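Chain by chain, the residues run as shown.
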Amino acid sequence: MSTKPNTKSRLPGWALVGLAGAVLLALGAMLFTNARITSAALDEAAELHATDMSLAAQDVAMKSIGQLVLLAQDFELGVAGRDAVETAAGEAQRALTELQTRTAELGEQAADLAGPSLDSFQEVAAEIIQFALDQNAAAAAETLAAQLVPLARQTAAGISTE
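What counts and how
- Residues numbered from 1 in each chain as written.
- Predicted model: local features only at pLDDT ≥ 70, side-chain atom pairs only at ≥ 80, totals over all residues.
- Heavy atoms only, no water.
- Helix = DSSP H or I, 4+ residues; strand = E, 2+ residues; numbered from the N terminus.
- Rg over C-alpha atoms; globule rule 2.2 N^0.38 Å.
- Contact = heavy atoms within 4.5 Å.
- Lys, Arg positive; Asp, Glu negative; His and termini not counted.
- Charge placed at Lys NZ, Arg CZ, Asp CG, Glu CD.
- Buried < 20%, exposed > 50% of the residue type's maximum accessible area, 1.4 Å probe, protein only.
- Polar contact = N/O pair within 3.5 Å; in protein donor to acceptor, adjacent residues only side chain to side chain.
- Expected span 1.5 Å × (residues − 1).
- Bend = angle between axes of the 7 residues up to and from the residue.
- Arc of directions from axis to C-beta.

1. What to know about the overall build of the protein
- Scanning the protein from N- to C-terminus turns up four helices and zero strands.
- Moving toward the C terminus, one meets the helices and strands of the protein in the order α-α-α-α.
- For the protein, whose C-alpha radius of gyration is 31 Å, the value lies well above the compact-globule estimate of 15 Å for 162 residues.
- Considering only contacts in the protein between residues 6 or more positions apart, those separated by 24 or more positions represent 77%.
- Within the protein, the 20 negative side-chain charges are centred at a point lying 28 Å from the centre of the 9 positive side-chain charges.

2. Re the side chain of Thr155
- Within the element layout of this structure, Thr155 appears in helix 4 (residues 137-161).
- Given a relative accessible area of 0%, Thr155 falls into the buried group.
- Within polar-contact distance, the side chain of Thr155 engages the side chain of Ser117 at 3.2 Å.
- Setting aside residues no more than four positions away along its own chain, Thr155 makes contact with Gln58, Ala114, Ser117, Leu118 and Phe121.

3. Re helix 4
- For helix 4, which comprises 25 residues, the first-to-last C-alpha distance of 34 Å matches the rise-based estimate of 36 Å (1.5 Å per residue) to within 8%.
- For helix 4, the principal kink sits at Leu144 and spans about 40 degrees.
- Among all positions of helix 4, only Ala137, Ala139, Ala140, Thr143, Leu144, Leu148, Leu151, Ala152, Thr155, Gly158 and Ile159 are buried.

4. Describing helix 2 (residues 82-103)
- For helix 2, built from 22 residues, the straight-helix expectation of 32 Å at 1.5 Å per residue is met to within 8% by its first-to-last C-alpha distance of 32 Å.
- All of the buried residues in helix 2 are Val85, Ala88, Ala89, Ala92, Ala95, Leu96, Leu99 and Thr103. One face of helix 2 carries all of its buried residues, which in axial projection span an arc of 125 degrees. For helix 2, the exposed residues set more than 90 degrees away from the buried face come down to Asp83 and Arg94.

This is how it looks when you write it as structure tokens:
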């Protein structure tokens, strides 16, 4: 009888431990990769949501200002009251505030691209509101068509680039 240890029986045990370790390592790598992909997808979804909300807020602001200009013209024609113009001006101002709030949530790149035109958009919109309140519907309409509409396109393009 030989007292020599049986090395053949130990190799499969170490091989199984090594295989189990490799499987655990691969599983951990897959979980880590999945977590990173999910995190990146969530970040992109948040940026897309901020972009969509900014574009929607700009659309509401444009429509509110357009309604204000129409009511200012109707007031000058005597078919709308002063209170309707003032209410529309308040709604337009609230829409501009919402636009400012929404664009503050944009990613840095979109904010940089949209920033200058967005600032100009806000300034021109404020002028239109003031023209309407000052009973100068012609100037409000002219400024809307000549300045605000092109600025709205530039702003939307900057926001959409994100």
